[in-house]
Amino acid sequence: MAEANAAYYAARDPLGAAGDFVTAPEISQMFGELTGLWLADLWQRAGRPDAAYAELGPGRGTLAADALRAMRPAGLTPPVHFVETSPALRARQAERVPAALWHDDIAGLPEDRPLLLVANEFFDALPVRQLVATYSGWRERMVAHDGAAFVPVPGTVPFDAAVPERLRGASPGSIVETSPAAVAIVRGLAERIVAQGGAMIVIDYGYDAHAAGDTLQAVHAHAYADPFAAPGTRDLTAHVDFSALAQAARAEGAAVAGPVDQGAWLEALGLSTRAAMLAKAAPDRADEIEAARARLADADQMGSLFRALAIVAPGWPQPAGF
């Protein structure tokens, strides 16, 4: 999964109608603006420190551009750091945020100031490890080639001890997922936040409590596809285990708020009010703006599937919307 996604993102801009999927910042400017205002509010109540803005997997840079524009009236004009490995996406990000500095991983982020971090639809693209229940016990799910295609197969090494005790009795065929990469990144960033100050907002689709289930999926041309076919040519994702991220952050001493539904978080920050303001300024776009608001916040669209989790330095204020 890691190798396939690295090849996939390095070669293309996957966003938009001509790509494979659309993210919240591309749906409406309101998403990035409210994210920026969330950060600015927290920054102001923390005493307006000399902080840096950092985003993990910033797509086309749309969220950052909208967030930075919304921050500016509050007096927050931080240096911008992007964690991005794709040359294709770095070029698009440079068009929207020319002053950004790029890093291949989180180790390059500033160490001398508080960090205002954003991770929107970043963790879902990190590789997962799957364990599958067989009649002989739990095994790691591996990938083989049957002569015609890649196929998932159970390994031979017992992995029962790696499965949470409450899930070990699941029926054969059941799958448990973990993401060691996601936990490692959250622990690393939480350690930095505790030491330097700051906060992080994680927005993604996922679940609150670890449960059995196969969530690995592929998207190609805005439709679901076989995740084992044509590796490197389609987006591979898996649902994010927010309870694991929260536990990792707390283990480093950070405060955690949420997760809450994306829709509830955005509405608490003033999504409907902002939509009404935009519609009043552009009446001919009122239907389009309302459709975007609904897509971001309604329970039958992105509002409940996507979750928001805040990770905050000790001593920093309670973040808005939680």
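Scroll up to find the structure.
What you see is a predicted model; the values in this text were computed from it and never measured.

> Hey, could you go over the overall build of the protein chain for me, with residue numbers and the actual values?
The helix and strand tally for the protein chain stands at 11 helices and 15 strands. A compact globule built from 322 residues would reach a C-alpha radius of gyration of about 20 Å, and the protein chain, at 20 Å, matches this within 12%. Each of the three principal axes of the protein chain carries a C-alpha extent, and together these read 60 × 45 × 35 Å. The burial tally for the protein chain puts 51% of its 322 residues in the buried class. If you sum the accessible surface of the protein chain, you get close to 13900 Å²; carbon and sulfur atoms cover 55% of it. Between the mean site of the 25 positive side-chain charges and the mean site of the 38 negative ones, the protein chain shows a separation of 3 Å.

> Give a description of the sheet that holds strand β11 (residues 223–225) that names residues and reports values.
Judged by pairing direction, the sheet is antiparallel, and its three strands sit side by side in the order β11-β10-β12 without closing on themselves. Looking at which strands have only one partner, the edges of the open sheet turn out to be β11 and β12 (235–237). Geometrically, the sheet is characterised by an average inter-axis angle of 40 degrees between neighbouring strands, direction not taken into account. Strand direction decides the pairing type here: strand β10 (residues 217–220) and β11, joined by three bridges, are antiparallel. Directly across from H220, in β11, lies its bridge partner A223.

> Talk me through the packing of helix α6 (residues 180–196) against helix α7 (residues 242–251); I want residue IDs and the actual numbers.
In helix packing, the relevant descriptors are the interaxial angle and the interaxial distance, both defined with respect to the helix axes. Here α6 crosses α7 at 35 degrees, and the two axes come no closer than 8 Å. For the element pair α6 and α7, the recorded crossing hand is right-handed. From α6, A182, V183, V186, R187 and A190 reach across to α7, where they touch A244, L245, A248, A249 and A251. Class assignment for the residues of the contact of α6 with α7 results in nine nonpolar, no polar and one charged.

> Before we move on, could you go through the packing of aromatic side chains and cite the residues and values that matter?
Across all of its chains, the model carries six aromatic pairs by this definition. Look at F122 and F123: their rings are 5.1 Å apart centre to centre, the planes differ by 80 degrees, and that puts the pair in the edge-to-face class. Through a chain of ring-to-ring contacts, three or more aromatic side chains come together here, namely W38, W265 and F322.

> Would you mind going over the side chain of R192 in detail, with residue names and values included?
Structurally, R192 is set in helix α6. For the buried R192, no salt bridge exists, and the shortest N-O distance to an oppositely charged side chain is 4.5 Å, to E111. Non-local contacts of R192, meaning those with residues more than four positions away in its chain, are made with I106, A107, L109, P110, E111, L115 and G197.

> Lay out helix α9 (residues 271–281) with the relevant residues and their values.
Since there are 3.6 residues in each turn of an α-helix, residues three or four apart along the chain are aligned in direction. Within the sequence span of α9, burial applies to L271, A275, L278 and A279. Projection of α9 onto a plane perpendicular to its axis shows the buried side chains occupying an angular sector of 100 degrees, all on one side. In α9, the exposed positions angled more than 90 degrees off the buried face are occupied by T273, K280 and A281. Buried residues along α9 sit in contact with α3 (29–45), α8 (262–268) and α10 (286–297).

> How would you summarise the sheet that holds strand β6 (residues 137–145) if you had to cite specific residues and measurements?
Strand order in the open sheet formed by four strands is β7-β6-β5-β8, and the pairing between neighbours is antiparallel. On the outer flanks of this sheet lie β7 (150–158) and β8 (175–178), each paired with one strand and no other. Averaged over all pairs of adjacent strands, the angle between strand axes in this sheet comes to 40 degrees, irrespective of strand direction. As paired strands, β6 and β7 are joined by six bridges and run antiparallel to one another. In the strand pairing of β7, V143 is matched with P152.

> Lay out the nonpolar core in plain terms, naming residues and giving numbers.
Inside soluble globular proteins, nonpolar side chains tend to come together where they are buried. Membership of the largest hydrophobic core comes to 78 residues, with the highest contact counts inside it found for Y53, L56, F123, M200 and I311. If one sorts the elements of this core by residue count, α3 sits on top with eight residues. Contacts of F123, omitting those with residues within four sequence positions, involve A182, I185, V186, M200, V202, D204, V240 and L245.

> Let's hear about α7: which residues, and what values?
If you check which residues of α7 are buried, you get F242, L245, A246, A248 and A249. Down the axis of α7, the sector holding all buried residues measures 160 degrees, keeping them to one side. Packing partners of the buried residues in α7 comprise α6, β9 (198–207), β13 (240–241), β14 (255–261) and β15 (306–312). Just downstream of α7 lies G253, where phi reads positive at about 95 degrees.

> So what about the environment of A65? Which residues, and what values?
Among the structural elements, A65 can be located in helix α4 (residues 62–71). In this structure, the C-alpha to C-alpha distance between A65 and G32, residues 33 residues apart in sequence, is 7.6 Å. In this structure, A65 is in contact with R96 and V97, ignoring residues within four places of it in sequence.

> Give a description of the pattern of salt bridges that names residues and reports values.
For the structure shown, the criterion picks out 18 salt bridges. Residues D41 and R45 are paired through a salt bridge, measuring 2.8 Å at the closest nitrogen-oxygen approach. With D41 and R45 both in helix α3 and four residues apart, the pair spans about one turn of that helix. A relative accessible area of 26% means that D41 is categorised as partly exposed. Put simply, E33, D66, R69 and R274 are held in one network by salt bridges that share partners.

About the thresholds
Residues numbered from 1 in each chain as written. Predicted model: local features only at pLDDT ≥ 70, side-chain atom pairs only at ≥ 80, totals over all residues. Heavy atoms only, no water. Helix = DSSP H or I, 4+ residues; strand = E, 2+ residues; numbered from the N terminus. Rg over C-alpha atoms; globule rule 2.2 N^0.38 Å. Buried < 20%, exposed > 50% of the residue type's maximum accessible area, 1.4 Å probe, protein only. Areas by Shrake-Rupley, 256 points an atom, 1.4 Å probe, with all protein chains shown as cover. Lys, Arg positive; Asp, Glu negative; His and termini not counted. Charge placed at Lys NZ, Arg CZ, Asp CG, Glu CD. Pairing = 2+ DSSP bridges. Axes fitted to C-alpha atoms, helices over the stretch in contact; angles between N-to-C directions. Left-handed = near helix turned anticlockwise from the far one by under 90°. Contact = heavy atoms within 4.5 Å. Nonpolar A, V, L, I, M, F, W, Y, C, P; charged D, E, K, R; others polar. Phe/Tyr/Trp six-rings, centres within 6.5 Å; stacked < 30°, edge-to-face > 60°. Salt bridge = Lys/Arg side-chain N within 4 Å of Asp/Glu carboxyl O. Arc of directions from axis to C-beta. Core = buried A, V, L, I, M, F, W, Y, C linked by side-chain atoms within 4.5 Å.

Everything listed is a geometric property; what it means functionally is a separate question.
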